[in-house]
Amino acid sequence: MSIKKAINDFFGRVARLLKGGGDEALEKQKKQGKLSARERLDGILDPGSLFETDMFVEHSSTDFGMDSKKLAGDGVVTGFGMVDGRPVSIFAQDFTVAGGSLGRAHAGKIVKIMDASMARRIPLIGINDSGGARIQEGVDSLCGYGDIFYRNTMLSGVVPQLSLILGPCAGGAVYSPALTDFVFVVNKVSNMFITGPQVIKAVLGEEISQEELGGAMTQASITGNAHFYAESEYEAFDQIRKLLSFLPSNCLEPTPEHKPVDPSRPLKDNVIPEDRRKAFDVHDVIRGIVDGSDFLEVHRHYAGNIVVGFGRLAGRTVGIIANQPRVLAGVLDVNASDKAARFIRFCDAFSIPLLTFVDTPGYLPGVDQEHSGVIRHGAKLLYAYSEALVPKLTVIMRKAYGGAYIAMCSRHLGADFVIAWPTAEIAVMGSEGAANIIFRKEIMESADPDATRAEKVKEYETKFANPYVAASRGYVDMICPPGETRKALLNAMEYAGGTDPGNSFRRHGNIPL
Amino acid sequence: MASKLVIDDTGYETEIPENSLKLGRPPADPEIIKAFIPGTIVAVRTKVGEKVREGDALLLLDAMKMHNEVCSTVNGVVRELLVTTGDKVEKGQLLIRLRKD
């Protein structure tokens, strides 16, 4: 073959491969409201930066007529690219090629870039759009999944791992995203479940639609499997790029430095209502503190009684955890504990300091909570805060009662600095409950129990519903009004050293799961 | 959705999202036995009026390729038997009524 012919032949092959499963299949993908695998890579990566690998990989299975089937790239596009000039590894399953089914060669391509992610220490982005295991390949397909899960686990805490669910992701396949740090779902596009509606109907007689069972909002709000919900694929790509702007490329690197900017909506002293029983939106506090009032919320639709996400202080990323008085009065419960604990552990793994805002009346009472294991789940929050070595700053805004006071990154769990507002109430419980217990006899025996109760509540409130008792013990380091908080935090960040890991001889702790 | 949540005798004005305060399941009535899974009755091992003890196998229900024993939930008497061998049953279908001693 002449050089020219060889080169023409090469371009012919590339042109065919770029079409994935062919025009018809691509048209079908489009009709379903989905972008193609290559459009997705283009949407996430800086223009023209895709550095594709293994385009010519083919499967070698021969059973069930597979020997006559050519599958472009074996149903997955893999490679590297840049996001805002920073390198990432990336793969996109191509549903137009044999339903994006995962065979050994397909998995081999993913494994290759995962290994490169480890060697080069760069984030991994996975786009899932697959019917599941390629059944014709039998156990080889399972081997493929296992190889990926193993690497997801080895990469955990070394580089950030992001998963987009842009199509079906069912059965065992769900466990790769589940092992990664952040999962993104898109309305009417994403679907995740272990067993689908048909199997559930056959086995248990329960009827449910695919969307209700494992659609985007289900995963974002009910299960908490997804951390980011978007209305369109392009919105999800923006979320990915935004998230990466807050994260280091690996656990050894510092977080990216941005230009420090003041909040566009600085915090005012009247951010919380006069009546301590009234709620406020903790987002207003967060946005009033962070650089440019720019806050990227994680798990926005899940366990709304706690708010977590990323912001910056003086140009450097901080992980924010805040009780949300507007939802369930900001109580801690099973889901809020899980949500915050996982976020804290991510931040600690990637050297992102923690900033905690406290206003919580305690744990949510109820049979459902107790029987759902609030003891075991609540323990995760204590564990995650205690083990975190990064600098930990805490702002007590209002209520910090009982066990929840301890759990919300108190001095006792190793906070570097605890700042309290003059409105802070650090006590074993609220004044009403405390007075009813301590003065029960007096209230019962009083000629006017209601008046006595009110008097005793007032007495307890005056004595304990403030930050000064805790400050007198040194549990609170400083007290400042809301409007001064950002300044105090910038100072605190300057002087917070975090915790020295020392020479630990233990392999790892045993977090309650 | 503004509502009130009471914690330690203090009522807080806040939003209470749907399903966030599920109460525990109501206790099941021990005198009725329902199919916990759809399947086929492959054996009936009791009859109406028979005295049974808690844990006695009363029916054999074939589901998910397994033979599942359906056992008495009380010490008492079989009051009504609503299925026979070969019946296909739905999840939640009433199978037996018992009377506690």
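Worth saying up front: this structure is predicted, and the values here are computed from it rather than measured. (Residues numbered from 1 in each chain as written. Chains lettered and ligands numbered in written order. Predicted model: local features only at pLDDT ≥ 70, side-chain atom pairs only at ≥ 80, totals over all residues. Heavy atoms only, no water.)

Draft legend 1. Representation of the pairing of strand β15 (residues 417-420) of chain A within the structure. All names here are of chain A. Every second residue of β15 is oriented toward a common face, with Phe-417 and Ile-419 on one face and Val-418 and Ala-420 on the other, all of them buried. Sheet analysis places strand β14 (residues 392-401) next to β15, joined by four bridges and oriented parallel. Residue pairing for β15: Ile-396 is matched across the bridge by Ala-420. The parallel pair β14 and β15 is bridged by helix α15 (residues 402-407), and the resulting crossover is right-handed. (Buried < 20%, exposed > 50% of the residue type's maximum accessible area, 1.4 Å probe, protein only. Helix = DSSP H or I, 4+ residues; strand = E, 2+ residues; numbered from the N terminus. Pairing = 2+ DSSP bridges. Right-handed = clockwise from strand over helix to strand, strands pointing away.)

Draft legend 2. A look at the interface of chain A and chain B. Opposite the 27 residues of chain A that make contact, chain B presents 20 residues. Both faces combined, the contact of chain A with chain B buries some 2,000 Å², and carbon together with sulfur accounts for 59% of it. Put simply, chain A and chain B have three salt bridges between them. A salt bridge links Arg-326 of chain A to Glu-15 of chain B, with the nearest nitrogen and oxygen atoms 4.0 Å apart. Taken together, the connections running from chain A to chain B amount to twelve residue pairs in polar contact (both at pLDDT 80 or more). When contributions to the side of chain A that touches chain B are tallied by element, the ones reaching two or more residues are α7 (197-204), α13 (367-371), β14 and α16 (431-438) of chain A. Here the side of chain A that touches chain B is built from residues that sort into 16 nonpolar, three polar and eight charged. (Contact = heavy atoms within 4.5 Å. Buried area = accessible area lost by both parts, 1.4 Å probe. Salt bridge = Lys/Arg side-chain N within 4 Å of Asp/Glu carboxyl O. Polar contact = N/O pair within 3.5 Å; in protein donor to acceptor, adjacent residues only side chain to side chain. Nonpolar A, V, L, I, M, F, W, Y, C, P; charged D, E, K, R; others polar.)

Draft legend 3. Looking closely at the sheet that holds strand β10 (residues 94-100) of chain B. All names here are of chain B. Across the sheet, which stays open at both edges, the four strands sit in the order β3-β10-β8-β5 with antiparallel pairing between neighbours. Looking at which strands have only one partner, the edges of the open sheet turn out to be β3 (32-34) and β5 (51-52). In the sheet, strand β8 (residues 76-81) pairs with β10 via five bridges, with the strands oriented antiparallel. Each residue of the ladder has a partner; that of Leu-81, found in β10, is Ile-96.

Draft legend 4. Main features of the side chain of Asn-152 of chain A. Residue and element names in this part refer to chain A. Within the secondary structure, Asn-152 sits in helix α5 (residues 139-155). Among the polar contacts made by the side chain of Asn-152, one reaches the side chain of Ser-176 at a distance of 2.7 Å. With sequence-adjacent residues up to four places away left out, Asn-152 is seen in contact with Met-114, Leu-124, Gln-161, Ser-176, Leu-179 and Thr-180.

Draft legend 5. Fine view of the sheet that holds strand β6 (residues 57-63) of chain B. Residues and elements named next belong to chain B. With respect to topology, four strands assemble into an open sheet ordered β7-β6-β4-β9, the strand pairing being antiparallel. Sheet topology places β7 (66-71) and β9 (88-89) at the edges, where each strand pairs with a single neighbour. Bridging between β6 and β7 involves six bridges; their strand directions are antiparallel. Each residue of the ladder has a partner; that of Asp-62, found in β7, is His-67.

Draft legend 6. Focus on the nonpolar core. Residue and element names in this part refer to chain A. Grouped together as the largest cluster of nonpolar side chains are 68 residues, with contacts concentrated most on Leu-164, Phe-182, Phe-310 and Ile-321. For this core, the element with the most residues is helix α12 (residues 334-349), which contributes seven residues. Looking at which domains feed residues into this core, each of domain 1 (9-61 + 68-246) and domain 2 (269-429 + 466-495) gives three or more. Not counting residues within four places of it along the chain, the set of residues in contact with Ile-321 comprises Ile-306, Val-307, Val-308, Ala-340, Phe-343, Ile-344, Leu-354, Leu-355, Thr-356, Phe-357, Tyr-385 and Met-408. Core analysis: the next-biggest nonpolar cluster, separate from the first, contains 29 residues, Leu-393, Phe-417, Ala-492 and Ala-496 among them. (Core = buried A, V, L, I, M, F, W, Y, C linked by side-chain atoms within 4.5 Å. Domains from an automatic or database assignment.)

Draft legend 7. Quick look at unusual backbone geometry. Residues and elements named next belong to chain A. Within the chain, Phe-64 stands out as a residue other than glycine whose phi angle is a positive 55°. Of note, Phe-64 is situated in the loop between β1 (51-53) and β2 (76-83). What makes Phe-64 exposed here is its relative accessible area of 68%. One non-glycine residue, Ser-351, lies in the positive phi region at around 55°. Here Ser-351 is to be found in the loop between α12 and β13 (354-360). A relative accessible area of 41% places Ser-351 in the partly exposed class.

Draft legend 8. How the structure looks around the domain arrangement of chain A. Split by domain assignment, chain A resolves into domain 1 (9-61 + 68-246), domain 2 (269-429 + 466-495) and domain 3 (431-464). Computed over C-alpha atoms, the centres of domain 1 of chain A and domain 3 of chain A are 61 Å apart.

Draft legend 9. The arrangement of the environment of Ile-37 of chain B in detail. Its place among the elements puts Ile-37 of chain B in the loop between β3 and β4 (39-44). Residue class for Ile-37 of chain B comes out buried when judged on its relative accessible area of 8%. In this structure Ile-37 of chain B touches Val-203 and Leu-204 of chain A together with Leu-61, Ala-63, Met-64 and Lys-91 of chain B, once residues within four positions along its chain are discounted.

Draft legend 10. Highlighting the pattern of salt bridges. All names here are of chain A. Evaluation of the coordinates by the stated rule reveals 40 salt bridges over all chains. Across the pair Lys-34 and Asp-129 runs a salt bridge whose closest N-O atoms are separated by 3.0 Å. Taken together, the positions of Lys-34 in the loop between α2 (23-31) and α3 (37-44) and Asp-129 in the loop between β4 (124-128) and α5 put the pair 95 residues apart, joining distant regions of the chain. Classification of Lys-34 by relative accessible area gives buried; the value is 9%. Residue classification places Asp-129 among the buried positions, given a relative accessible area of 0%. A salt bridge links Arg-276 to Glu-461; the nearest nitrogen and oxygen atoms lie 3.6 Å apart.

Draft legend 11. How the structure looks around the packing of α16 of chain A against helix α18 (residues 449-464) of chain A. Residue and element names in this part refer to chain A. Following both chains from N to C, one finds α16 and α18 inclined at 115°, their axes separated by 8 Å at the closest point. α18 is crossed by α16, and the crossing has right-handed handedness. Residues Ser-431, Glu-432, Ala-434, Ala-435, Asn-436 and Ile-438 of α16 lie in contact with α18, whose contacting residues are Arg-453, Lys-456, Val-457, Tyr-460 and Glu-461. Taken together, the residues of the contact of α16 with α18 break down into five nonpolar, two polar and four charged. (Axes fitted to C-alpha atoms, helices over the stretch in contact; angles between N-to-C directions. Left-handed = near helix turned anticlockwise from the far one by under 90°.)

Draft legend 12. View of the packing of aromatic side chains. Residue and element names in this part refer to chain A. One pass over the structure, following the stated rule, counts 14 aromatic pairs over all chains. With 6.2 Å between their ring centres and 75° between their planes, Phe-182 and Phe-310 make a pair best called edge-to-face. Of the two residues, Phe-182 sits in strand β7 (residues 182-186) while Phe-310 sits in strand β11 (residues 306-313), which places them 128 residues apart along the sequence. Classification of Phe-182 by relative accessible area gives buried; the value is 2%. In this structure Phe-310 comes out as buried when scored by relative accessible area, which is 0%. (Phe/Tyr/Trp six-rings, centres within 6.5 Å; stacked < 30°, edge-to-face > 60°.)

Draft legend 13. Layout of the side chain of Asn-68 of chain B. All names here are of chain B. Mapped onto the fold, Asn-68 is located in strand β7. Residue class for Asn-68 comes out buried when judged on its relative accessible area of 16%. Within the structure, Asn-68 has its side chain in polar contact with the backbone oxygen of Met-66 (distance 3.3 Å). Among residues more than four places away in sequence, those in contact with Asn-68 are Phe-36, Leu-59, Leu-60, Leu-61 and Ala-63.

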